[in-house]
Amino acid sequence: MMRQYELVERVTSYDPEADEDLLNRAYIYAMKAHGNQTRASGEAYFNHPLEVAAILTEMKLDTATIAAALLHDTVEDTEATQQELVEKFGEEIASLVDGLTKIKKLDMVTKEATQAENLRKLLLAMSKDVRVLLVKLADRLHNMRTLNHVKPEKRLRIAQETMEIYAPLAGRMGMQLIRDEMEDIAFQILNPDANKTIRDRLKRLHAESGDLLREIEQDLTRVLTDAGISASVKGREKRAYSIWRKMERKHLALDQLSDIFAFRVLVETVNDCYLALGNVHQTWRAVPEKFKDYISNPKQNDYRSLHTIVVGPHSMRVEMQIRTKLMHEIAERGVAAHALYKDVSEAKLAQLGVRVPAAESNAYRWLRHLMEVLQEGDSPKEFLEHTRLELFHDQVFCFTPKGQLIALPRGATPIDFAYAVHTSVGDSCVGCKVNGRHAPLVTRLNNGDEVEIVRSDAQTPPPAWEAIAITGKAKAAIRRATRAAIRKQFAGIGREIIESLVSKQKHVLTDKELAAAVPRLGHKNVDDALAAVGRGDLAGIDVLKALGLNIDEKEVRASRRKIGGAKKDAEGRASLPVRGAAAGVALKIHPVTGAVPGERIVGIVTPGEGITIYPIFAQALEKFDQEPERWVDLTWGVAEEGMRFPARLTITLINEVGALAQVTQVIGEHGGNIDELQLQARHGVRDFFDLTVLVEVFDIRHLNDIMNGLKSRPLVSAVDRVSG
Ligand code: MN
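The rules we used
Residues numbered from 1 in each chain as written. Predicted model: local features only at pLDDT ≥ 70, side-chain atom pairs only at ≥ 80, totals over all residues. Heavy atoms only, no water. Phe/Tyr/Trp six-rings, centres within 6.5 Å; stacked < 30°, edge-to-face > 60°. Buried < 20%, exposed > 50% of the residue type's maximum accessible area, 1.4 Å probe, protein only. Lys NZ or Arg CZ within 6 Å of the ring centre and 35° of its normal. Donors = N, O, S within 2.8 Å, 3.2 Å for Na, K, Ca; no water. Helix = DSSP H or I, 4+ residues; strand = E, 2+ residues; numbered from the N terminus. Patch = residues over 30% accessible without salt bridge, like charges linked within 9 Å, V, L, I, M, F, W, Y side chains within 5 Å. Areas by Shrake-Rupley, 256 points an atom, 1.4 Å probe, with all protein chains shown as cover. Salt bridge = Lys/Arg side-chain N within 4 Å of Asp/Glu carboxyl O. Lys, Arg positive; Asp, Glu negative; His and termini not counted. Charge placed at Lys NZ, Arg CZ, Asp CG, Glu CD. Polar contact = N/O pair within 3.5 Å; in protein donor to acceptor, adjacent residues only side chain to side chain. Pairing = 2+ DSSP bridges. Contact = heavy atoms within 4.5 Å. Axes fitted to C-alpha atoms, helices over the stretch in contact; angles between N-to-C directions. Arc of directions from axis to C-beta. Expected span 1.5 Å × (residues − 1). Parallel < 35°, antiparallel > 145°, perpendicular 65-115°, else oblique. Left-handed = near helix turned anticlockwise from the far one by under 90°.

Caption draft 1: View of the packing of aromatic side chains. Applying the stated rule across the entire model yields 8 aromatic pairs. Between Trp636 and Phe645 the ring centres are 5.4 Å apart and the planes differ by 75°, which places this aromatic pair in the edge-to-face class. This pair shows no difference in class: Trp636 is buried, exactly as Phe645 is. Looking at Arg39, its charged tip hangs above the ring of Tyr45, at a distance of 5.9 Å from the centre.

Here is the structure:
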């Protein structure tokens with residue numbers, strides 16, 4: 001085990017200003033906290049955080065990071081508390097440890113290959129401070145190094161996870177050394193046969209050409225020295241995993257992999273890189289199209305180097321990487337290497353080829369830079385694949401109790417979650433638990449939340465949920481379920497109508513009779529036919545005729561006036577596209593009049609409740625005339641595609657069979673949704689009746705189309721907006 005003073009010496013060797021007292025205290029605190037705990041290997045547990053800290057000293061990280069590394073498992077695995085860490089070590093270190101405690105919980109989650117990308121994003125999203133990620137990578141690296149002590153099943157799982165999540169993450173952060181080591185260990189565990197075959201083959205090649213490597217090394221060095229370039233040339237063994245990956249990617253057999261000889265040429269300056277390249281190309285024939293200039297076009301993770309392949313001495317294809325020592329340092333240690341240069345001036349950094357954004361404090365500008373790197377990715381293709389790591393702005397990741405990862409847009413609710421799991425889960429949802437506690441369904445979910453949906457099969461989703469849900473999938477499913485429920489309701493009304501008519505004939509209707517009559521009515525099944533009666537599309541008298549019964553038609557009409565529609569709440573729509581209200585203020589559309597994009601609107605403030613949106617013509621506005629301070633000027637913004645808005649219409653119909661059908665037909669033909677429908681007998685005027693309909697439309701044009709369509713129908717006498 002590394003001694004206390006050794007660790008401190010390591011830190012002070014690159015950071016003479018380091019707070020030695022802090023390091024000593026963290027060391028002792030962690031050692032005491034872990035006490036007699038042991039690891040799978042039998043060694044003292046404390047050795048683990050200590051090794052993690054040591055890995056981070058190789059990256060020359062700041063004191064807070066090293067202290068956090070020492071403390072990283074204390075809150076999760078010992079009696080230590082977050083509060084205690086704040087008191088003893090301050091907010092900065094405590095919050096780093098807190099980040100590590102949080103992402104440690106992710107290790108408990110079951111992981112499938114398809115979840116890897118999401119998990120990687122979640123990890124990033126939860127690590128507000130990049131140093132949390134650096135400690136996590138070091139933590140994982142040490143766990144990989146000691147993996148042979150772990151049970152085989154767990155070993156496989158950890159290796160898999162490392163291959164899918166942590167190694168790519170290290171790569172994205174430009175930390176090649178960590179990535180390579182993780183991949184090598186994981187490959188050995190996940191694919192021992194392939195690993196052995198490739199290693200054996202490399203060994204044989206090496207034996208056959210052992211001298212050849214040195215010869216080429218010497219030839220290369222001579223060529224460069226003759227040209228006056230001081231360079232160190234090193235033959236480099238390719239790694240089994242990178243060969244295997246290439247074989248997989250290019251569908252090659254091992255024999256076909258030609259460029260197994262690879263050399264790295266390190267020089268002093270950028271100029272020397274190009275000079276060296278020129279000399280190499282003058283001496284040996286370059287393989288066309290294999291030359292890459294990552295110095296003038298660095299990779300997104302700031303990797304810089306010249307790559308070329310030449311047909312070298314002995315006609316061997318030789319792969320070469322030419323770069324400066326600084327470029328090499330950054331290639332291997334990644335952006336962590338930038339920490340080395342925190343005291344160097346901007347100008348100097350630019351000269352060295354390190355890009356840093358201006359106006360950052362010296363110590364942390366590299367962190368900022370790293371975030372940029374993480375947000376971008378390695379190539380334009382990858383850039384697109386990872387959709388700019390949306391996680392930082394517009395995604396949240398939650399878990400089912402079984403550990404399935406569900407990605408949702410930011411602002412999503414448990415309702416969205418339920419529908420994302422499965423439509424049947426959404427349809428039967430009655431409540432939820434978030435992180436083990438009952439929570440309202442309007443809760444906005446956060447990263448890492450575990451969501452359990454409470455279900456009941458008797459449930460149909462209330463239409464109002466459509467306004468609470470934010471995902472298209474949930475909204476569509478709720479609409480579907482609402483339509484089905486309305487249809488069921490209409491079928492119930494239809495059944496009542498038919499039964500009351502039939503009972504007047506002293507006849508008891510059986511379902512069998514009804515089923516037999518259905519084909520004659522042109523409907524598929526009993527429910528369809530009954531719903532048609534309930535909606536007014538089908539006259540009750542026609543059903544009676546089909547049943548072979550006769551009845552006075554006046555009674556049928558009288559019965560039909562009783563039809564009522566499904567009631568639905570039009571309030572509380574999420575994120576209405578309205579400008580002019582302060583952020584965070586609850587907005588709702590006036591439930592009586594409705595309001596649609598394209599028409600002039602105003603808002604009325606109700607303290608403690610929010611703003612109600614009225615169309616300017618609403619009569620209801622009159623009662624606010626004496627309170628000008630409650631008026632807010634609002635304008636419509638751009639609505640999300642497919643978003644609908646309510647508008648209430650009064651339709652006066654001639655009291656004849658089929659009138660109601662014309663209304664539903666016109667609205668349906670124009671793509672309007674009927675949200676609420678009420679028939680009202682008009683007193684004193686026997687031949688007309690009024691109908692109020694709450695329709696859902698996209699905008700004022702859509703509404704006008706529907707109103708004009710209605711007015712053109714012979715049985716429609718008038719159509720007006722309800723003004724409240
Ligand atoms: Mn650990």
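That was the structure; now back to the text.
Caption draft 2: Highlighting the coordination of the manganese ion. Within the protein, His48 (NE2), His72 (NE2), Asp73 (OD) and Asp139 (OD) serve as the donor atoms for the manganese ion, at 2.2 to 2.4 Å. In primary-sequence terms, the residues that donate to the manganese ion follow H-x23-H-D-x65-D. Placement of the pair is His48 in helix 3 (residues 47–58) and His72 in the loop between helix 4 (63–71) and helix 5 (74–77), with a sequence separation of 24 residues. Judged by its relative accessible area of 2%, His72 is buried.

Caption draft 3: Highlighting a negative patch on the surface. A cluster of acidic residues, Glu6, Glu9, Asp19 and Glu20, forms a negative patch on the protein surface. Position of Glu9 among the secondary structure elements: in helix 1 (residues 4–14). The class for Glu9 is partly exposed, based on a relative accessible area of 48%.

Caption draft 4: Highlighting unusual backbone geometry. The phi torsion at Asn435 lies on the positive side, around 50°, for a residue other than glycine. The residue Asn435 is located in the loop between strand 9 (429–434) and strand 10 (437–439) in this model.

Caption draft 5: Quick peek at the pattern of salt bridges. All told, the structure shown has 18 salt bridges when counted by the stated rule. Between Glu161 and Arg157 there is a salt bridge; the shortest N-O distance is 3.8 Å. Placement of both Glu161 and Arg157 in helix 9 (residues 152–172) is noted, with a separation of 4 residues, approximately one turn of the helix. Overall, the relative accessible area of 3% leaves Glu161 in the buried class.

Caption draft 6: Fine view of a positive patch on the surface. Taken together, the side chains of Arg249, Lys250, Lys290, Lys292 and Lys299 define a basic patch exposed on the protein surface. The topology assignment puts Lys299 in the loop between strand 4 (292–293) and strand 5 (306–311). For Lys299, a relative accessible area of 31% translates into the label partly exposed.

Caption draft 7: Main features of the side chain of Asp62. With respect to the helices and strands, Asp62 occurs in the loop between helix 3 and helix 4. A distance of 2.3 Å separates a polar atom in the side chain of Asp62 from a polar atom in the side chain of Thr65.

Caption draft 8: Inspection of the sheet that holds strand 14 (residues 601–606) at higher detail. What the 5 strands build is an open sheet, ordered 12-16-14-15-13; its pairing is mixed. The strands lining the two open edges of the sheet, one partner per strand, are strand 12 (578–579) and strand 13 (587–589).

Caption draft 9: Just the side chain of His34, in detail. Here His34 lies in helix 2 (residues 20–34). When near neighbours in sequence (up to four residues on either side) are disregarded, His34 contacts Tyr45, Phe46, Pro49, Asp73, Thr74 and Thr78.

Caption draft 10: Region of interest: the sheet that holds strand 9. Pairing is antiparallel across the open sheet formed by 3 strands, whose spatial order is 10-9-11. Strands with a single pairing partner mark the edges of an open sheet, and in this sheet they are strand 10 and strand 11 (451–455). This sheet shows a mean twist of 40° between the axes of neighbouring strands, independent of strand direction. The pairing of strand 9 with strand 10 spans 3 bridges and is antiparallel. The partner of Cys432 across the bridge, within strand 10, is Ala439. Sheet contacts for helix 18 (residues 414–421): strand 9 and strand 11; angle to strand 11, the most-contacted strand, approximately 80°.

Caption draft 11: Region of interest: helix 1. All of the buried residues in helix 1 are Leu7, Val8, Val11 and Thr12. Buried residues along helix 1 cover an arc of 130° about the axis, so they all sit on one side. Elements in contact with the buried residues of helix 1: helix 2, helix 3 and helix 4.

Caption draft 12: Broad picture of helix 27 (residues 700–711). Relative to the 16 Å expected for 12 residues at 1.5 Å per residue, helix 27 spans 16 Å between its end C-alpha atoms, a close match to the ideal helical length. By the burial criterion, the buried members of helix 27 are His702, Leu703, Ile706, Met707, Gly709 and Leu710. Along helix 27, the residues classed as buried sweep out an arc of 160° about the axis, all on the same side. Considering only its buried residues, helix 27 is in contact with strand 17 (645–654), helix 26 (659–669), strand 19 (688–697) and strand 20 (716–721).

Caption draft 13: Summary view of the packing of helix 3 against helix 8 (residues 130–145). Where helix 3 contacts helix 8, the axes come no closer than 9 Å and their chain directions differ by 120°. Between helix 3 and helix 8, the angle falls in the class oblique. Here helix 3 runs over helix 8; the crossing is right-handed. Note on element contacts: helix 8 touches helix 3 through Leu134, Val135, Ala138, Asp139, Leu141, His142, Asn143 and Arg145, opposite Asn47, His48, Glu51, Val52, Ile55 and Leu56.

Caption draft 14: Geometry of the pairing of strand 5. Of all the 6 residues making up strand 5, 5 are buried; the element is thus mostly covered by neighbouring parts of the structure. Bridge count for strand 3 (residues 285–286) against strand 5 is 2 bridges, and the pairing is antiparallel. Bridge pairing in strand 5 places Arg285 opposite Val311. Pairing between strand 4 and strand 5: 2 bridges, direction antiparallel. Each residue of the ladder has a partner; that of Lys292, found in strand 5, is His307. Pairing analysis gives 6 bridges linking strand 5 to strand 6 (residues 317–324), with the strands arranged antiparallel.

Any link to function would need more than the numbers given here.
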